[in-house]
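Inside the fold
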Amino acid sequence: MTLELTQSNYHSLEADREYFSVSQFKSFMACQAKAVAKLKGEYEESYGKALVVGSYTHAAFESGDAFDLFNQENQDQIFNTRGGKYADFAMADTMIETIKKDKFAMFAMEGEKESILTAELFGVKWKAKIDSINHQRKTFTDLKTTRSLTQRYWSDKYQKYVSFIEAWDYVLQMAMYREIIYQSTGNYYSPYIVAVTKEDPPDKAVLHFDDTRFQFELDFVEHLIDQYKELKAGNGVPSRCERCAYCRQTKQLTDTIEIGELI
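Residues numbered from 1 in each chain as written. Predicted model: local features only at pLDDT ≥ 70, side-chain atom pairs only at ≥ 80, totals over all residues. Heavy atoms only, no water.

Examining helix α7 (residues 87-100)
Along its 14 residues, α7 runs 20 Å from first to last C-alpha, staying within 8% of the 20 Å computed at 1.5 Å per residue. Those residues of α7 that sit buried are Phe 89, Ala 92, Met 95, Ile 96, Thr 98 and Ile 99. Projection of α7 onto a plane perpendicular to its axis shows the buried side chains occupying an angular sector of 165°, all on one side. Lining the buried residues of α7 we find α4 (50-62), α6 (75-78), α8 (103-108), β3 (139-146), β6 (190-197) and β7 (204-208). (Helix = DSSP H or I, 4+ residues; strand = E, 2+ residues; numbered from the N terminus. Expected span 1.5 Å × (residues − 1). Buried < 20%, exposed > 50% of the residue type's maximum accessible area, 1.4 Å probe, protein only. Arc of directions from axis to C-beta. Contact = heavy atoms within 4.5 Å.)

This is the structure we're talking about:
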């Protein structure tokens, strides 16, 4: 029986076991062993404050009620003993105000908030939660925070220096969301990213994508999904990255390594 996804169970272990998501796919890309351990309930990833700050920022654009509720439920992490906000959340407030004061950025984010959609792609079920989707304009928008709009990152996937958009696989995310929305609506919607930086003062941009970028990402997912599907089903031995927190925590030494192998 298919699990009906709701706002309350979307991030549950049960939902993650039944559906693939872009974040789960990226988790397999980063470390198969950690991804499988999470699905088995053997490992719970710690994101520190980063995840809470990100959710705080998104809630600010969902609705006033959603933002108030988030503050109430997470007040111990947001507010210090003097009643003020911790630095990360004070910075988030500055970023939120930067976007809210920009008419074009707010225009790009108009639409239904936190829409949950599902689809079957490449032989597996997928779930997605869309920040903002505008059915009248046939667009969807995701809010992203970043260190800098112009910082370069080396990408093994693309074999070149890329922006933060490619480095964190946001093109892949938009390509998959675009296909999932197509299955639900019969139309291809145009994706946008509203990006705001953690600089003081924050920088901002509304980013669009050339449609020619998407096929490479879809081919990339299709190339890997069968392997990840089998690992998720408990078949095969997941590889270890030997760099993440899970691998460090579970590592058992069996031999020496030559110093040249360190990097």
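Points about the side chain of Lys 129
Positionally, Lys 129 belongs in strand β2 (residues 124-134). A distance of 3.0 Å separates a polar atom in the side chain of Lys 129 from a polar atom in the side chain of Gln 7. (Polar contact = N/O pair within 3.5 Å; in protein donor to acceptor, adjacent residues only side chain to side chain.)

With respect to the sheet that holds strand β1 (residues 112-121)
If you trace the five strands from one edge of the open sheet to the other, you get β1-β2-β3-β6-β7, paired in mixed fashion. Two strands lie at the open edges of the sheet, namely β1 and β7, each paired on one side alone. Looking at each pair of strands side by side, their axes are set apart by 40° on average, direction ignored. Direction of pairing for β2 relative to β3: antiparallel, over a ladder of three bridges. Each bridged residue has a counterpart across the sheet, and for Asn 134 the counterpart in β3 is Thr 139. Sheet strands touched by α4: β1, β2 and β3. Its angle to β3, the strand with the most contacts, is close to 145°. (Pairing = 2+ DSSP bridges. Axes fitted to C-alpha atoms, helices over the stretch in contact; angles between N-to-C directions.)

Notes on the pairing of β7
Note: β6 against β7, five bridges, orientation antiparallel. By the bridge assignment, Ile 193 is partnered in β7 with Leu 207. Here β6 folds back onto β7 in antiparallel fashion, the turn holding six residues.

Observations regarding a negative patch on the surface
On the surface, Asp 219, Glu 222, Asp 226 and Glu 230 cluster together into a patch of negative charge. Among the structural elements, Glu 230 can be located in helix α11 (residues 214-232). A residue is classified by how much of its surface remains accessible, and Glu 230, at 38% relative accessible area, is partly exposed. (Patch = residues over 30% accessible without salt bridge, like charges linked within 9 Å, V, L, I, M, F, W, Y side chains within 5 Å. Areas by Shrake-Rupley, 256 points an atom, 1.4 Å probe, with all protein chains shown as cover. Salt bridge = Lys/Arg side-chain N within 4 Å of Asp/Glu carboxyl O. Lys, Arg positive; Asp, Glu negative; His and termini not counted. Charge placed at Lys NZ, Arg CZ, Asp CG, Glu CD.)

Digging into the pattern of salt bridges
Side chains that carry opposite charge are capable of pairing whenever their charged atoms lie near each other. Taken as a whole, this structure holds twelve salt bridges when the rule is applied. Between Lys 34 and Glu 45 there is a salt bridge whose closest N-O contact spans 2.9 Å. In this pair, Lys 34 is assigned in helix α3 (residues 32-40) and Glu 45 in the loop between α3 and α4, connecting sequence segments eleven residues apart. For Lys 34, a relative accessible area of 9% gives the class buried. The partly exposed category is assigned to Glu 45, whose relative accessible area is 23%.

A word on the packing of helix α2 (residues 22-30) against helix α10 (residues 170-185)
Contact geometry for α2 and α10: axes closest at 10 Å, N-to-C directions at 140°. By the criterion of interaxial angle, the relationship of α2 to α10 is oblique. Helix-helix and strand crossings are classified by hand; for α2 and α10 the assignment is right-handed. The residues of α10 that touch α2, namely those facing Val 22, Phe 25 and Lys 26, are Tyr 170, Leu 172, Gln 173, Met 176 and Tyr 177. (Parallel < 35°, antiparallel > 145°, perpendicular 65-115°, else oblique. Left-handed = near helix turned anticlockwise from the far one by under 90°.)

Some words on the packing of aromatic side chains
Within this structure, the stated rule accounts for 17 aromatic pairs. Relative to Tyr 170, the ring of Phe 164 lies with its centre 6.3 Å away and its plane at 80°, an arrangement referred to as edge-to-face. With a relative accessible area of 2%, Phe 164 lands in the buried category. Members of the aromatic cluster, each reached through a chain of ring pairs, are Phe 20, Phe 25, Phe 28, Trp 126 and Tyr 228. Here the guanidinium or amino end of Arg 152 rests over the ring plane of Tyr 161, the centre of that ring lying 4.3 Å away. (Phe/Tyr/Trp six-rings, centres within 6.5 Å; stacked < 30°, edge-to-face > 60°. Lys NZ or Arg CZ within 6 Å of the ring centre and 35° of its normal.)

Shape descriptors only; they carry no functional weight alone.
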